[in-house]
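# Results of the structural survey
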Amino acid sequence: MTSPHTGSLSRRMMFIAAGWIVILLSLGGFALDRTLNGLVQRNFDDQLSYMLNAMVASAEIDQYGEIYFNRPLGDQRFLEPNSGLYWQITGKGHEDFPSRSLWDRTLQVHAAHTDNQPHAYNSNQFATEPLRVMERSIYLPGSKTKWWFVVAQSRSVVDEQITQIRAILWWSFLVLGLGLFLMAGLQTWYGLGPLRRVRLAIKRLRTTGTNRVTEPLPLEVQPLVEELNALLAHTEKQAEEARTHAGNLAHALKTPLTVVMNAATAKAPDLSDTVIREAAVMRRQVDHHLARARAVGRRAVGHSRASVGESVEAVLRAVTRLYEKTRFDLDGNREVEVAIERQDLDEILGNLIENAAKYGGGSVFVTIDPDPKSGPCEIWIEDDGMGIPDEERVRIFDRGARLDTGKPGTGLGLAIVRDVAEIYGGSVELAESEDLGGLLVKLRLPRVRA
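Summarised in this report is the structure supplied together with it. Because the structure is a prediction, the values reported are computed rather than measured.

All right, on to the packing of aromatic side chains then. Under the definition given, this model contains 4 aromatic pairs. Ring geometry for W87 against F97: centres 5.0 Å apart, planes inclined by 80°, an arrangement best described as edge-to-face. Separated by 10 residues along the polypeptide, W87 in strand β3 (residues 85-91) and F97 in strand β4 (residues 97-98) bring together distant segments of the chain. Cluster of aromatic residues (ring-pair linked, three or more members): F69, W87 and F97. If you follow R105 out to its NZ or CZ, it ends over the ring of F126, 4.2 Å from the centre.

Here's what the structure looks like:
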């Protein structure tokens, strides 16, 4: 069955790269096209302005009030009919003074306004020949007439230059875009190479039986590899714990089963009593290992958190009904939270508080987080009983160990407390209570970080 996915990372990166390439090249091409076209147009207008200034500089008024040139204009195209370069001088009340290149045509002049400076514009007054026109109005010495100096040139030359420039830009940017897209593809393939190496390394884990990824990888991928190795170590630890639990349970059940089997084989007269006794032993062992297995399973889920105050108050309400003559006191920070499942915290506190009430002298004092700091959260359970001698404080955590056999119990309570606390990274320590004189149990559990 194919695992669900969100698409190809390579295609996503290529799509983003292609989008940016198209956008940037389009914007760059548009800006460059406008710039180059503007340069060509300005150069074209500069030539027209030079010709217009030459016309003004050469123009004079004769004795009849008509305009003439005191020297011919230098460009030969003004003398060739329909050459594409034209000039014309127009004055109200005077005949137009055109260049020979106009032949039988006339440039249209809008004389209703005044242009003290050269004014350039495009014109389609010649149906087969679009023009770029520059004109200026001026009063010449010795004349009261406003003369219009007009020079025009076919736009075919500048349009051809712009077309060539755009063709060069188009092909250049096309090749550049393809090159950038190819480079983006190579970059994506090379950049995602470490992920392929991680995949191959994981494949080798499955096929060769290795338990770690040790291949050197880039810094960006190294956290992923470290988390993978941590997950493998966690899984390996869980598997080892499961094997250990199974072995311990098998070993613990082996002796009672052997006793029951021998008694049944020998047809012992106390067989029923033997079966009941050994069945109780087996049940205690099964309960103990089931408690450990549940704690390990809940720890594997992660993100565990429980309120110590709520858990202690719930346990005290239950234990108070069993030990009505015992006085229970609670103090400390009830808002603190620890990284443990609420069910496991209730089981730990239930064992410890019930033991304090059972073996104490009538007073139990619970303190939550007596010394707040950045380390683990401490929970103190004190009683006013006989306490436990120093030499017995280690042995009392063994399965089945009991110092007072006169009271009911299985001897598994403290063993379960220690095992479950250690599963969550905590600990249990026994000491002497300075206030009550009995036993002081210091339970340490990892604090939930804000």
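So, next bit.
Moving on, we come to the nonpolar core. Among the nonpolar cores identified, the biggest contains 38 residues, and I353, I379, I381 and L443 are the most heavily contacted of them. Looking at this core, the elements that each hand over two or more residues are α6 (308-322), β9 (327-332), α7 (342-359), β11 (363-368), β12 (377-383), α8 (413-423), β13 (427-432) and β14 (439-445). Examining the composition of this core, we find that 7 residues originate from one element, α7, more than from any other.

Pairing analysis gives 6 bridges linking β9 to β11, with the strands arranged parallel. Within β11, the position partnered with D331 by the bridge is T367. Examined bridge by bridge, β11 and β12 share 5 bridges and lie antiparallel to one another. Across the sheet, V364 pairs through a bridge with D383, a residue of β12.

Turning our attention to the sheet that holds β9. One open sheet accounts for 5 strands, arranged β9-β11-β12-β14-β13; its pairing is mixed. Two strands lie at the open edges of the sheet, namely β9 and β13, each paired on one side alone. Each neighbouring strand pair of the sheet contributes to a mean axis angle of 15°, computed without reference to strand direction. On the sheet, α6 packs against β9, β11 and β12 and is oriented at approximately 175° with respect to β9.

Once that is clear, we can look at a positive patch on the surface. On the surface, a cluster of positive charge is contributed by R196, R199, K203 and R206. Its place among the elements puts R199 in helix α3 (residues 193-208).

This paragraph deals with unusual backbone geometry. Here W103, not a glycine, exhibits a phi torsion of approximately 55°, which is positive. As for its placement among the helices and strands, W103 is situated in the loop between β4 and β5 (119-123). Residue D369 is not a glycine yet carries a positive backbone phi of 55°. The topology assignment puts D369 in the loop between β11 and β12. Residue classification places D369 among the buried positions, given a relative accessible area of 4%.

Pairing is antiparallel across the open sheet formed by 5 strands, whose spatial order is β4-β3-β7-β6-β5. The open sheet has two edge strands with one neighbour each: β4 and β5. Relative to strand β7 (residues 146-154), β3 runs antiparallel, the two sharing 7 bridges. Across the sheet, residue G91 finds its bridge partner in β7, namely W147.

Take the layout of surface pockets next. In this structure, the second largest pocket spans a volume of roughly 330 Å³. If you go around the second largest pocket, you meet 16 residues; those closest to its centre are L25, S26, W170, F173 and L174. Contributions of two or more residues to the lining of the second largest pocket are made by α1 (9-58) and α2 (156-191). Residues belonging to the lining of the second largest pocket are distributed by class as follows: 11 nonpolar, 3 polar and 2 charged.

Conventions and cut-offs
Residue positions within a chain follow its written sequence, with the count starting from 1. In keeping with the model being predicted, local features are shown solely for residues with a pLDDT of at least 70 and side-chain atom pairs are shown and tallied solely at 80 or more, while totals for entire chains, interfaces and linings include all residues. Hydrogens are left out, water is left out, and the side-chain values use all remaining heavy atoms of the structure. Two aromatic rings from Phe, Tyr or Trp, using only the six-membered ring of Trp, form a pair when their centres are within 6.5 Å; if the ring planes differ by under 30 degrees the pair is stacked, by over 60 it is edge-to-face, and anything between is tilted. In this text, helices come from DSSP runs of H or I with a minimum length of four residues, and strands from runs of E with a minimum of two, each type numbered from the N-terminal end. Definition used: whenever NZ (Lys) or CZ (Arg) falls within 6 Å of the ring centre and also within 35 degrees of the ring normal, the charge is taken to sit over that ring. Only buried residues count toward a nonpolar core, which is a set of Ala, Val, Leu, Ile, Met, Phe, Trp, Tyr and Cys residues joined through side-chain atoms within 4.5 Å. For every residue, the accessible area (1.4 Å probe, protein chains only) is compared with the maximum for its type, and the residue is labelled buried under 20%, exposed over 50%, or partly exposed between those bounds. For two strands to pair, DSSP has to find at least two bridges joining them. Only the contacting stretch of a helix is used when fitting its axis, a line to C-alpha atoms as for every element, and angles between N-to-C directions run 0 to 180 degrees. Residue contacts are counted whenever heavy atoms from the two residues lie within 4.5 Å of one another. To count toward a patch, a residue needs a relative accessible area above 30% and no salt bridge. Like charges then connect within 9 Å, nonpolar side chains (Val, Leu, Ile, Met, Phe, Trp, Tyr) within 5 Å. The method behind every accessible area is Shrake-Rupley, applied with a 1.4 Å probe, and residues are considered shielded solely by the protein chains displayed. By convention in these notes, a salt bridge is any Lys or Arg side-chain nitrogen within 4 Å of a carboxyl oxygen on Asp or Glu. Positive charges come from Lys and Arg, negative ones from Asp and Glu, while His and the chain ends are left out of the count. By convention, the charge on Lys lies at NZ, on Arg at CZ, on Asp at CG and on Glu at CD. A cavity, in this analysis, means grid points on a 1 Å lattice covering only the protein atoms where a 1.4 Å probe fits yet has no way out; a pocket is instead an open set bounded by protein on both sides within 12 Å along at least five of seven lines, and a residue lines either one if it has an atom within 4 Å of a point. Grid points are joined across faces, edges and corners, and a volume is the space filled by probe spheres set on the points. Note on residue classes: Ala, Val, Leu, Ile, Met, Phe, Trp, Tyr, Cys and Pro are nonpolar, Asp, Glu, Lys and Arg are charged, and everything else, Gly too, is polar.

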